[in-house]
Amino acid sequence: MANIGLVDIQEFEAKMQFTLMAIPMREVLSIVQDQLGGKLTSVTLEAWKAGRSRPSKTKLDFFCRAIGVSLTDMYVDFPEYVEILCRARDIPQRNRDIFLKRIEERQSGSLILSVFSRFSPSYTQRLLEKIGGDYILYNYSINNVDIVNMTLVRIEDECHPFLRVTVKSFRDNKFLSYKGFIFPVRSNLHFVLETQCETHDEVVMIVTNNPVDMGRDVEFLYGIILSGSEDFVSHPSAARVFMEKMPRNATQEEILKKIMETSQEEIPAYYKELICNNTDREETDFVLRAEQLNWAFVERLRNNEQ
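Student: An account of the pattern of salt bridges is needed here, citing residue identities and associated values.
Tutor: One pass over the full model with this rule turns up six salt bridges. Between lysine 49 and glutamate 46 there is a salt bridge whose closest N-O contact spans 3.4 Å. Taken together, the residues span about one helical turn, with lysine 49 and glutamate 46 both in helix H3 (residues 42–50) at a distance of three residues. Two residues, arginine 164 and aspartate 157, come together in a salt bridge whose shortest N-O distance is 3.2 Å. Classification of arginine 164 by relative accessible area gives buried; the value is 7%. By relative accessible area, aspartate 157 is classed as partly exposed at 28%.

Here it is as structure tokens:
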């Protein structure tokens, strides 16, 4: 009966990880044992941190008193908990950012594929230098609505073996935010994204080409959305995407303004051709296929439009 209510603590492992980065474990154990007369061991704290066990209320109360927070603080959202602990322990902003980044990298590292061992941190850094920056992603809806969606995609930084990416999708005159990661496999880039709005749970996966020509700047990425999460409908689906690279000096505000103000008529016709989901024109058994776009083909489309 001792653990009743403790299962309601959300992101308990992350809270423990952050706390024990900010406050040395030896210090916590010393306060609990020498000042509070309680009993905790490093083995117990490591188990809490790894998610292998949950504490009793008695032990958790000792732990909270030792670090300077209350037991009820454990029940708030993770970002609010971080704020409370940092105020209580006067933890500098720089240290906070470092600890949060480490936790994010540990969480992303829970996805383990053998292919990750075949490229090095230096490769991940070179990939960021090659494709990092802002893009506008164009696609027709998987639901076959005859409107081109425009989305800001920002490839931000690296946390080997991934690149971090944030997304703002413009829908119904407002932006819906996503966060996620990119990892390469041979000639493809794999995007895994999830919404940041609590009222809209969605995971989206995108595969594009992985540009291999190191002799020129990346101007676009091209591929397909492999899946989304829609209510009431579940069936195999995909939609082509074209990602136009934005100038390095363009600000996020300028790009978002461009997305909001661009009409359907102003979207280049060859963009619409590239993302068309109509399979009638294809003499193939495939529903959709992802293809490597070559520069000559893109230039030919551009010239035909002019």
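Student: Describe a nonpolar patch on the surface, and please don't skip the residues or the numbers.
Tutor: Taken together, the side chains of Val192, Val203, Met205 and Leu226 make up a nonpolar region of the molecular surface, amounting to roughly 280 Å² of accessible area. Considering the arrangement of structural elements, one finds leucine 226 in strand E7 (residues 220–227).

Student: So, the packing of aromatic side chains: which residues are in play, and what are the values?
Tutor: Applying the stated criterion across every chain, the model contains ten aromatic pairs. Both rings, one in tyrosine 138 and one in tyrosine 271, keep their centres 4.9 Å apart while their planes meet at 65 degrees; by these two values the pair is edge-to-face. On the criterion of sequence distance, the pair formed by tyrosine 138 in strand E1 (residues 133–140) and tyrosine 271 in helix H9 (residues 269–275) is long-range, its members being 133 residues apart. In this pair, the class of tyrosine 138 matches that of tyrosine 271, namely buried. In textbook terms, an aromatic cluster arises when at least three aromatic residues are bridged by ring pairs, as seen for Tyr138, Phe220, Phe242, Tyr270 and Tyr271.

Student: Give me helix H8 (residues 252–261): which residues, what numbers.
Tutor: Looking only at H8, the buried set comprises Ile255, Leu256 and Ile259. Here the buried residues of H8 occupy an arc of 100 degrees about the axis, which is enough to place them on one side. Among the exposed residues of H8, those pointing more than 90 degrees away from its buried face are Glu253 and Glu261. Looking at the buried side of H8, the elements it contacts are E1, strand E2 (148–159), strand E3 (162–171) and strand E4 (174–185).

Cut-offs applied
- Residues numbered from 1 in each chain as written.
- Predicted model: local features only at pLDDT ≥ 70, side-chain atom pairs only at ≥ 80, totals over all residues.
- Heavy atoms only, no water.
- Salt bridge = Lys/Arg side-chain N within 4 Å of Asp/Glu carboxyl O.
- Helix = DSSP H or I, 4+ residues; strand = E, 2+ residues; numbered from the N terminus.
- Buried < 20%, exposed > 50% of the residue type's maximum accessible area, 1.4 Å probe, protein only.
- Patch = residues over 30% accessible without salt bridge, like charges linked within 9 Å, V, L, I, M, F, W, Y side chains within 5 Å.
- Areas by Shrake-Rupley, 256 points an atom, 1.4 Å probe, with all protein chains shown as cover.
- Phe/Tyr/Trp six-rings, centres within 6.5 Å; stacked < 30°, edge-to-face > 60°.
- Arc of directions from axis to C-beta.
- Contact = heavy atoms within 4.5 Å.

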